[in-house]
Amino acid sequence: MPPSAEVTVRAPAKINLGLSVGPPRPDGFHPVATVYQAVALYDDVTAVLRDDDGEVSVEISGDFADGVPTDETNLAVRAAQLLQAEYDVDEGVDLTIRKTIPVAGGMAGGSTDAAATLVACNRLWGLQLTQTELQHHAAELGSDVPFCLVGHTALGQGRGEQVTEVMSRGTFHWVFAIADGGLSTPEVYGQLDRMRPLRRVEPPQVRPELLSALLSGSAAALAVALSNDLQAAALALRPELGDTLQFGLDHGALAAQISGSGPTCLFLAADSRNAVDLAVDLAESGLCRMVRQAEGPVPGARILPAIVSR
Ligand code: ATP
């Protein structure tokens, strides 16, 4: 593909259908076995070529712009700088992120922005990196970034960065209750370590019933196969989230679970109609800041064709 002066990449949020966490490794990371699903809640990252200097800038707009850093700690900026350093790129880039994924909500918003930026800068700077090379750089940026590149439904192992596609039939209907404020992922892992005797923690593993439920495409089967080892820790830090989960179950959700490290609560609905009803009830409940609905699975970070060339 030839380079372009402006590229927009759409990248999805992720949820964890199963998240099993092992004891911390000597490097501090926790080994996980997780089944990720990409859902149709997106951030759009637009990258515009800057050929006068090598600067990388970022601006944030959208529902969740507040609190997102615009300096070098922004994961999208780090992704662009990583490619610049690795491939001796002289050009810079102006990034604009339109955020509709909640920040620090356990939905990999920062990671997906990083994945989108890798894809955008690969095209913008004409690097012609393969998917495998992009995956390698994604893993350097964070545990969830490789999954955000591939999307769909996948098994994540190691720190979550080793992804393998999982067969999944049909479409599932999700509702998200977005809480006020975020939860820090390291803090939630720290809480988990305090809550369980480490000697007895088993190596992480994916439940076989989760994989069969995905293969069957049955929402009812999936509902009983969801799991999240971080849920108890997130609830210990934010006990009021328990009321939100219970509210969803009382109002027709087939299952309710904390999304990743929280505090977003996710609900599985039987179909799109049930999802709408539940979303309305949750919005009226006053238990959360915002409610969103999305289907999954969807693909990972993709260039938006209409805006590719000028
Ligand atoms: P995960 O599910 O991968 O653990 P998360 O969804 O809980 O992540 P993020 O939305 O990625 O959390 O945000 C975590 C922190 O990362 C934020 O508080 C913010 O300071 C920082 N951050 C850096 N870059 C970004 C970005 N592009 N978008 C959002 N947050 C970012």
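Worth saying up front: this structure is predicted, and the values here are computed from it rather than measured.

Novice: Honestly, the site of the ligand in this entry has me stumped. Any pointers?
Specialist: In the neighbourhood of the ligand, 20 residues make up the surrounding shell, with A104, G106, G110, D144 and T185 lying closest. One of the side-chain N or O atoms of N74 is found 3.1 Å from a nitrogen atom in the ligand. Here an oxygen atom of the ligand and a backbone polar atom of A104 are 2.8 Å apart. Considered on its own, the ligand offers 610 Å² of accessible surface; in the complex 79% of this is hidden by protein. Broken down by element, the residue count for the shell around the ligand peaks at four residues, all from helix α2 (residues 109-124). Across the shell around the ligand, the residue classes tally to eight nonpolar, eight polar and four charged.

Novice: Mind showing me how you'd approach the domain arrangement of the protein chain here?
Specialist: Quite often, the size of an interface is put as the accessible area lost when its parts meet. Partitioning the protein chain into structural domains gives domain 1 (6-166) and domain 2 (172-296). Look at where the C-alpha atoms of domain 1 and domain 2 centre, and you get two points 23 Å apart. Contacts between the two partners involve 33 residues from domain 1 and, on the opposite side, 39 residues from domain 2. Both sides of the domain 1 and domain 2 interface together cover about 2,600 Å² of buried area, and 65% of this is carbon and sulfur. Sorting the residues of domain 1 by area buried against domain 2 places L17, L19 and V21 first, and these three jointly supply 21% of that buried surface. Joining domain 1 to domain 2, the criterion identifies one salt bridge. A salt bridge links R292 to D63; the shortest N-O distance between them is 2.9 Å. One can count 16 residue pairs in polar contact (both at pLDDT 80 or more) joining domain 1 with domain 2.

Novice: Would you explain the pairing of strand β7 (residues 172-178) in this entry?
Specialist: Taken residue by residue, a regular strand's side chains alternate between the two faces of the sheet. Among the seven residues that make up β7, seven are buried, leaving the element largely enclosed by the rest of the structure. Here β7 shows two buried faces, one formed by F172, W174, F176 and I178 and the other by H173, V175 and A177. Sheet topology note: the β7/strand β11 (residues 290-296) ladder contains seven bridges and is antiparallel. Note that in β11 the partner of A177 across the bridge is V291. Two strands pair when backbone bridges link them, and β7 and strand β10 (residues 265-269) are joined in this way by five bridges, in the antiparallel orientation.

Novice: Sorry, what's going on with the sheet that holds β11 here?
Specialist: To summarise the sheet geometry, strands pair through backbone hydrogen bonds and adopt either a parallel or an antiparallel arrangement. If you walk across this open sheet you meet the four strands as β9-β10-β7-β11, and the pairing is antiparallel. In this open sheet, the two edge strands, each paired with only one partner strand, are β9 (255-258) and β11. This sheet shows a mean twist of 25° between the axes of neighbouring strands, independent of strand direction.

Calculation rules
Residues numbered from 1 in each chain as written. Predicted model: local features only at pLDDT ≥ 70, side-chain atom pairs only at ≥ 80, totals over all residues. Heavy atoms only, no water. Near = heavy atom within 4 Å. Polar contact = N/O pair within 3.5 Å; in protein donor to acceptor, adjacent residues only side chain to side chain. Areas by Shrake-Rupley, 256 points an atom, 1.4 Å probe, with all protein chains shown as cover. Helix = DSSP H or I, 4+ residues; strand = E, 2+ residues; numbered from the N terminus. Nonpolar A, V, L, I, M, F, W, Y, C, P; charged D, E, K, R; others polar. Domains from an automatic or database assignment. Contact = heavy atoms within 4.5 Å. Buried area = accessible area lost by both parts, 1.4 Å probe. Salt bridge = Lys/Arg side-chain N within 4 Å of Asp/Glu carboxyl O. Buried < 20%, exposed > 50% of the residue type's maximum accessible area, 1.4 Å probe, protein only. Pairing = 2+ DSSP bridges. Axes fitted to C-alpha atoms, helices over the stretch in contact; angles between N-to-C directions.

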